[in-house]
Amino acid sequence: MIDPLNAWWAQQLVLCDWAFDPDPLSVEPQAALVRLQGLGVADRGELGWRLVESFGAGGSMADPARLLAALELVALGGAAGWLDETTGRAWAHHLAAEISAHHRDLDAWLAALRRARSAEGWMRGDDGFAEACEALAALEHDGDGITWERLGEWLAIHDALPPLWPAEQEAQVWRLRAGFAPVMVVPAGEEDWSGLAEWLVDAWQIQGRDDLVRALLWLGAQGDRQGWDLDATRLLESDPASRYAWLNKLEEDEQRYGRVLLEFVEHGEPLEWAAWDWLRLVDLAWAGACLGWLSGREATDFALHGADLVLHRYSDWSALARAYQRGRSLFDGRNLLPAFEADWRLLRQSPVSPWRPALQGLVGHDLLERSQRAVRAWRSDPRHWVLALAAVREPELAARQGPAGPVSATRRDDARQYLAETLDLHPEEGIEALTRYWLPAQAHHLNQLAADAAHGALPPAETSFGHADPEGLVQRDGLRRGSRHAATIHMAEKYAFYLQMAMDSEGFDTEGLASLADALRASLCRFYPDARRLMEAWASWEGLLPEEEEPSLALEIRWHDEDPGSLFHWLDWHAGEWQEPGPRPSLSVFTSMALVGPLNSPAWSLPHPESERECVSIREWIDGHYALQGAEELGEFLEFLLESGDRQEYLINYAPYTLNAARLGSEIATLESGECSDEERTHLLRLQRVRDNEDGCNETDMAAWDVAQVVDLAIAARQLGWLEEGAFVAVLERAHGLAAAHYSGWEAYARGLYAGFSFFMGETPERESFLAGFRQALIAWLTAAPPLVGPWASLEFPGARPRHWAPMHVDTLPGDSRTLH
């Protein structure tokens, strides 16, 4: 029995110089491929475009020459194996319906073809075409042919047009790729994209599966849009002069981009172009499937991820296409919006466009959830937490998601230089050295200050040493705005950047670094339940504690919060067992370490044994200041400071003079009248200070001077390995008790420390500047102005009654019984 559609189709191919054969797909595959190449159809993607073009953009009759050419292309595609029989017949059915709708009989059809024959490449010459028309007319009347009336009857019976594009639920996502080339058949194959491997190398520098995956994840998480978004935001906030100053500073090859962006800004064009990244994500996923670098499931999941992001932002195909056009304009450096209607008319209006279904609802929720799990699996390695945090400061790092790739020699050397020059960190120190940059006590301090600020319970700005720095006070008081957000992110993001540099230096133990990355993830998941809470906290603390020498990250943080593709939204957010990259001191230990005051920088974390290189400088300091040569001597000296110390020397050798002014004056006169040894000179200076009651030395308990030295030396001893952790904590406990026995609070302790510092200072021409600097440091420590100078203002003094408010979250040190849990 004759198949009416095939018979009619075969008859029309006679007009294309084919011998009549009831099977329109009977051409030999190789001959079909050669013919397709001759027609400029190099792959299945181009075939799809030609077929869409053949129907026109709707609203008017399609070009009959193109319809006829499409019938030939479908036959060749089917014969070449590019289209299966079902797909080929579906296209032939649509073409037959289109032709029949406008040309009611053979004569009308042939007349339309005659009018269109001037379209070169589609028709044969006049003589050949006339002969073909006669042959076609004859076929309608023999046993193998089909009349126009029979075709109409067959179409009426089959009035429901079959789907042209892959109909499986998963395959619907590939409609998003139609802007590059329609996907006609799934699964993908090499015949879909001619010259693909070479194009990937030339256009993307992609040479294999790992490169491809990294590019796909980069497009989803950041792409070109982040830099454009940030530039646009800054331009919107700038005046015209600043905008053109920005343009003039661009490199020559970026000037065209800058001009297009400025044109968009100044003409009120929506500054949104994420489709440029997300549609290319779908395109590259198809490329991976075509080359077999991705399995069908992997490719589809990546494409679904692109669809997921698209559906977050665009309501319909037109909005999607226009956003893509804006992105392409910025990338090409020329405004392509005037060509928007022409460029996208077919996809938006063609009756056979893959974009006929609505964008929203194109993909089922279950498939989107599957893709979400798949994309998170690609980023499940805790290394991605480090990348996410570090890439806010260094966006190029976002291109390293997915499989870990090799680090270039230049990058490795830069990382080592950064670690050495900025952090004084060297690979030979080992992985343990990185724990010094994890500062949980600093987070506790900031959270406590924020809670106190919110309740108006911060220490007064006026101290016995003077008034706090006004700018520092403004910054301190502003911390009330951070009381809702745990402050760990403030130090954790810096730690992540250091950790990334350590990874890139390739000088540290790989497994150890991975363990630190996992601990970082666990810590952040404990304090922040999701990406939004983390970004809110980061933005809050970034604004409250800006870096003087670094540009603010506020815009970058906001971008990551708002962009649905940002890596932060696709990390593995689960707390699991709580661990940290470094030990978390107890509150009492932190308080004890804070007793060192301005004698040293704040101890925001527990000290640990340092590398030999670090130990050299520590030993030199101990030898130079205290003439101590080893652990035994230092231990004895610590015992001396705790039991008697410099405070006893004052009580024995100088306090009695306060009761006998005449004797004091005589002693001073005797020493001033002759030559003095160094020891006698020191004694004379101290007698003069007693005479003048300099800095209240005769009426101030100077035990704080001994306590501060004990803590300072104990920390050094722990770093040298001269004290084990238990012994170190025991020394701190004794220092804590000594401070509690002598003072009622930090203000009194500060006066004692200052008096001791002043009294026992050796002869030096810089004395006044040293004292002035120490006073300013004490003011800052007492008032927390600026906030990170020292932690006294956030800590209860040893033995004092509680006066601080409990923070609103668990980001505090253990031992604070008032913390809300």
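See the structure shown above.
Below is a summary of the structure that appears in this document. (Residues numbered from 1 in each chain as written. Predicted model: local features only at pLDDT ≥ 70, side-chain atom pairs only at ≥ 80, totals over all residues. Heavy atoms only, no water.)

**Here's the deal with the overall build of the chain**
Which entries qualify depends on this criterion: Note on conventions: DSSP H or I runs of at least 4 residues are helices, E runs of at least 2 residues are strands, and numbering of each starts at the N terminus. When accessible area is computed with a 1.4 Å probe and restricted to protein chains, residues below 20% of their type maximum are described as buried, those above 50% as exposed, and intermediate ones as partly exposed. By the convention used here, residues are in contact when the closest approach between their heavy atoms is within 4.5 Å. Each accessible area is a Shrake-Rupley estimate made with a 1.4 Å probe; only the visible protein chains count as cover when residues are assessed.
Scanning the chain from N- to C-terminus turns up 36 helices and 2 strands. Reported as C-alpha extents along the three principal axes, the dimensions of the chain are approximately 145 × 50 × 50 Å. Looking at the chain residue by residue over its 821 residues, the buried ones come to 56%. Taking contacts inside the chain between residues at least 6 apart in sequence as the whole, the part at least 24 apart equals 77%. In the structure as shown, the chain presents an accessible area of about 35100 Å², 49% of it carried by carbon and sulfur atoms.

**Some details on the packing of aromatic side chains**
Here is the rule we go by: For Phe, Tyr and Trp, rings pair up if their centres lie within 6.5 Å, where Trp contributes its six-membered ring, and each pair is then called stacked (planes under 30 degrees apart), edge-to-face (over 60) or tilted (otherwise). Two thresholds decide whether a charge sits over a ring: the Lys NZ or Arg CZ must be within 6 Å of the ring centre and within 35 degrees of the ring normal.
Per the stated rule, a full pass over the model turns up 39 aromatic pairs. Here W276 and Y324 contribute two aromatic rings whose centre-to-centre distance is 5.2 Å and whose plane-to-plane angle is 45 degrees, an arrangement assigned as tilted. With W276 in helix α14 (residues 275–291) and Y324 in helix α16 (residues 317–332), the pair connects residues that are 48 residues apart, well separated along the chain. There is no split in this pair, since W276 and Y324 are both buried. Clustering of aromatic rings is evident, with ring pairs tying together F180, W276, W317, Y324, F331, W344 and W355. In this arrangement the basic side chain of R280 is found over the ring face of F331, its NZ or CZ atom lying 5.8 Å from the centre. Above the face of the F340 ring, R322 is positioned so that its terminal group lies 5.5 Å from the ring centre.

**Things to note about the pattern of salt bridges**
For clarity, the cut-off: A pair is scored as a salt bridge if a Lys or Arg side-chain nitrogen falls within 4 Å of a carboxyl oxygen belonging to Asp or Glu.
All told, the structure shown has 51 salt bridges when counted by the stated rule. Here E272 and R313 are joined by a salt bridge, their closest N and O atoms 3.0 Å apart. With E272 in the loop between α13 (255–266) and α14 and R313 in helix α15 (residues 296–313), this pair connects stretches of sequence that are 41 residues apart.

**Digging into helix α12 (residues 240–249)**
The cut-off we apply is this: By construction, the arc corresponds to the directions joining the helix axis to the C-beta atoms.
All of the buried residues along α12 are R243, W246 and L247. For α12, the angular spread of the buried residues around the axis is 100 degrees, confining them to a single face. Seen from the open side of α12, the exposed residues pointing more than 90 degrees away from its buried face are A241, N248 and K249. Lining the buried residues of α12 we find α11 (225–236) and α13.

**A word on the nonpolar core**
Side chains of a nonpolar character, in soluble globular proteins, are inclined to be buried together. To be explicit about the condition: The definition of a nonpolar core used throughout is a set of buried Ala, Val, Leu, Ile, Met, Phe, Trp, Tyr and Cys residues joined through side-chain atoms within 4.5 Å.
In terms of nonpolar packing, the biggest core is built from 216 residues, with L176, L434, W538, F568, Y749 and W792 touching the most fellow members. For this core, the leading source of residues is helix α33 (residues 703–720), giving 13 residues. Non-local contacts of Y749, meaning those with residues more than four positions away in its chain, are made with L595, A704, V707, A708, A739, Y743, W792 and F797. Of all hydrophobic cores here, the second largest spans 52 residues; its members include L5, W109, L110 and M184.

Function-wise, these values are silent; they only describe arrangement.
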